[in-house]
Amino acid sequence: MSHLSTLAASAVGQKAAATILDILEIDPALSAETDGPVSRAVFAMALNAVLFHDVMNRVPMGAAYVADRRAEGHKILFDHGALRTIDFGAGPTGSLPGGHKAFARILEPLGYEVADVYPLDGLKMTGRAYAHADKPDMIPQFFVSELHVERFSPAFQVIAHAVFDSSADPLGPAAKAALQAFSSTGGCDLDDARAALPELVAAFARTHGPVRLEHYEALKAESAEAAWIATEGQAFNHATDRVPDVDAIADAQKALGRPIKDAVEVSASGRVRQTAFKAQPVSRDFVTDAGLETRGVPGSFHEFITRDTFVDDTGATRLDLRFDSANAQGIFKMTRVA
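Computed from a predicted model, the values in this text were never measured in an experiment.

Draft legend 1. Representation of the overall build of the protein chain. Each helix and strand counted, the protein chain has 13 helices and 14 strands in total. Compactness check: the protein chain gives a C-alpha radius of gyration of 20 Å against a globular reference of 20 Å for 338 residues, within 12% of the reference. Split into buried and exposed, the 338 residues of the protein chain put 54% on the buried side. Restricting the contact set of the protein chain to residue pairs at least 6 apart, pairs at least 24 apart contribute 71%. Looking at the protein chain as shown, the accessible area adds up to about 13,500 Å², and 52% of this sits on carbon and sulfur atoms. Side chains of the protein chain carry 32 positive and 44 negative charges; the gap between the two charge centres is 3 Å.

Draft legend 2. Molecular detail of helix H2 (residues 14-23). The set of residues buried in H2 consists of Ala16, Ala17, Ile20, Leu21 and Ile23. Seen along its axis, H2 keeps its buried residues to an arc of 155°; they face one direction. Residues of H2 that are exposed and point more than 90 degrees away from the buried face comprise Gln14 and Lys15. On its buried face, H2 sits against helix H1 (3-12), helix H4 (40-58) and helix H5 (60-71).

Draft legend 3. Focus on the pattern of salt bridges. The full count for this structure, using the stated rule, is 24 salt bridges. Within this structure, Glu217, Lys220, Glu293 and Arg295 form a network of salt bridges that share partners.

Draft legend 4. Summary view of the packing of H4 against H5. Following both chains from N to C, one finds H4 and H5 inclined at 110°, their axes separated by 5 Å at the closest point. Between H4 and H5, the angle falls in the class roughly perpendicular. Across the interface between the two elements, Phe52, Met56 and Arg58 of H4 pack against Pro60, Gly62, Ala63 and Val66 of H5. In terms of residue class, the contact of H4 with H5 is made up of 5 nonpolar, 1 polar and 1 charged.

Draft legend 5. A look at the packing of aromatic side chains. What the rule picks out here adds up to 15 aromatic pairs. Ring geometry for Tyr65 and Phe304: centres 4.7 Å apart, planes at 80°, overall edge-to-face. Of the two residues, Tyr65 is situated in helix H5 and Phe304 in strand S12 (residues 301-307); the sequence distance between them amounts to 239 residues. Of the aromatic side chains, those joined through ring pairs into one cluster are Phe52, Phe78, Phe103, Tyr112, Phe142, Phe204 and Phe236.

Draft legend 6. Main features of the packing of H1 against H2. Orientation of H1 relative to H2, taken along the N-to-C sense of each, is 125°, at an axis distance of 7 Å. The orientation of H1 with respect to H2, classified from their angle, is oblique. With respect to the hand of their crossing, H1 and H2 are arranged in right-handed fashion. Residues Leu4, Ser5, Ala8, Ala9 and Val12 of H1 form the contact with H2, whose participating residues are Gln14, Ala16, Ala17 and Leu21. Grouping the amino acids of the contact of H1 with H2 by side-chain chemistry returns 7 nonpolar, 2 polar and no charged.

Draft legend 7. Fine view of the sheet that holds strand S3 (residues 112-120). The strand order across the open sheet formed by 8 strands is S3-S4-S5-S2-S7-S12-S9-S8, and the pairing between neighbours is mixed. Across the chains shown, the open sheet's two edge strands, defined by having one partner strand only, are S3 and strand S8 (265-266). Two strands pair when backbone bridges link them, and strand S9 (residues 272-276) and S12 are joined in this way by 5 bridges, in the antiparallel orientation. Opposite Val272, over in S12, you have Arg307 as the bridge partner.

Draft legend 8. Representation of the nonpolar core in the model. Leu24, Phe43, Phe52, Leu110, Phe142 and Phe204 are the most contacted members of the largest nonpolar core, which has 65 residues in total. Apart from the residues lying within four places of it in its own chain, the contact partners of Phe204 are Leu47, Leu51, Leu83, Phe103, Phe142, Gln234, Ala235 and Phe236. By size, the runner-up hydrophobic cluster in this structure holds 32 residues, among which are Met125, Leu147, Ala226 and Val297.

Draft legend 9. Structural context of the pairing of S9. Of all 5 residues that make up S9, 5 are buried, and the element is covered over most of its length. In S9, alternate side chains face the same way, and those of Val272, Gln274 and Ala276 on one face and Arg273 and Thr275 on the other are all buried.

Draft legend 10. The arrangement of the environment of Arg212 in detail. In this fold, Arg212 is placed in the loop between helix H9 (190-202) and helix H10 (213-222). C-alpha separation for the pair Arg212 and Val163, spaced 49 residues apart in sequence, amounts to 8.1 Å. Beyond its immediate chain neighbours, meaning those up to four positions away, Arg212 contacts Phe286, Val287, Thr288 and Asp289. One polar contact links Arg212 to Asp289, side chain to side chain, over a distance of 2.7 Å.

Draft legend 11. A look at unusual backbone geometry. A positive phi angle, near 60°, is found at Lys124, a position not held by glycine. Checked against the element boundaries, Lys124 lands in the loop between S3 and strand S4 (125-132). For Lys124, a relative accessible area of 32% corresponds to the partly exposed category.

Draft legend 12. Summary view of helix H12 (residues 246-255). Those residues of H12 not exposed but buried are Val246, Ile249, Ala250 and Gln253. Angularly, the buried residues of H12 cover 100° about the axis, an arc narrow enough to put them on a single face. Opposite its buried face, H12 presents the exposed residues Asp251 and Ala255, each directed more than 90 degrees away. In this structure, the buried residues of H12 make contact with H5, S9 and S12. N-cap assignment for H12: the residue whose side-chain oxygen lies 3.2 Å from the backbone N of Asp247 is Asp245. Looking one or two residues beyond H12, the residue adopting positive phi is Gly257, at roughly 80°.

Conventions adopted
- Residues numbered from 1 in each chain as written.
- Predicted model: local features only at pLDDT ≥ 70, side-chain atom pairs only at ≥ 80, totals over all residues.
- Heavy atoms only, no water.
- Helix = DSSP H or I, 4+ residues; strand = E, 2+ residues; numbered from the N terminus.
- Rg over C-alpha atoms; globule rule 2.2 N^0.38 Å.
- Buried < 20%, exposed > 50% of the residue type's maximum accessible area, 1.4 Å probe, protein only.
- Contact = heavy atoms within 4.5 Å.
- Areas by Shrake-Rupley, 256 points an atom, 1.4 Å probe, with all protein chains shown as cover.
- Lys, Arg positive; Asp, Glu negative; His and termini not counted.
- Charge placed at Lys NZ, Arg CZ, Asp CG, Glu CD.
- Arc of directions from axis to C-beta.
- Salt bridge = Lys/Arg side-chain N within 4 Å of Asp/Glu carboxyl O.
- Axes fitted to C-alpha atoms, helices over the stretch in contact; angles between N-to-C directions.
- Parallel < 35°, antiparallel > 145°, perpendicular 65-115°, else oblique.
- Nonpolar A, V, L, I, M, F, W, Y, C, P; charged D, E, K, R; others polar.
- Phe/Tyr/Trp six-rings, centres within 6.5 Å; stacked < 30°, edge-to-face > 60°.
- Left-handed = near helix turned anticlockwise from the far one by under 90°.
- Pairing = 2+ DSSP bridges.
- Core = buried A, V, L, I, M, F, W, Y, C linked by side-chain atoms within 4.5 Å.
- Polar contact = N/O pair within 3.5 Å; in protein donor to acceptor, adjacent residues only side chain to side chain.

Any functional reading would require information that these geometric values do not contain.
If you want it as structure tokens, here you go:
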């Protein structure tokens, strides 16, 4: 069994691992690794596969689309996953490093580098694209955004601390040891990698405590994105399928009556085009003086992207792996309450 299959199976079970690895288009070199230490590239792909499995379990509309594509004989080219973080400025977020730093400590040892930074000023946020140094076009990127609490009102800042100061750090000794091995040698013993994977997956979840309903409503009044993080944490906000023609996909999904974005977002270069389903509604419990109250809130969603090629400064033809601030802010609206 390959290292990739072994890792995925250790996290989600052999049957689910076989299914998700069959769904995803994976570089053959990543599937071929069977001996020696687990390379950082293979571990990164295993982490992405498990996170894709998680978001598909949480997004039935995305799972239905994936099932349709597989029935038609297509695989899913997982382009990127997106997550949101809270940044209090100089300080931490509870027990976590602030903002994107909570994930830089995970992604950088696994071979990721910040490819670019994207101001999301309309949302009072900043996005960072983390691309893999070894296989940037085949290992999914991470789009990590952080919400700058200090840009909001004093009352908002107080409530944000009340909600997010309880954030716990899910990384234990196994994760930290594996990340150190990847950082220093680029590889990790298979058993150590298997022990580390669940702790690293747990970082992509909600790590803070119960949320009071009045706190949620106050955050939502100033930032739909902060409210989303309050209920969903650092779970994948969306996973993205890289497709040859996003416009055709959008038309097909509209014809099926699925709730997809009204218009395709087009980057300033014209080379990156994106659209998405609207976020799936989920039920979440909130604390009130009378006890728990369940409310429907926006969950996660599935996105589609088409990337064209361009000629770089050296004359080489490359796939445009960049993002676009305006596109991103348009896609973020998928989790807003109508």
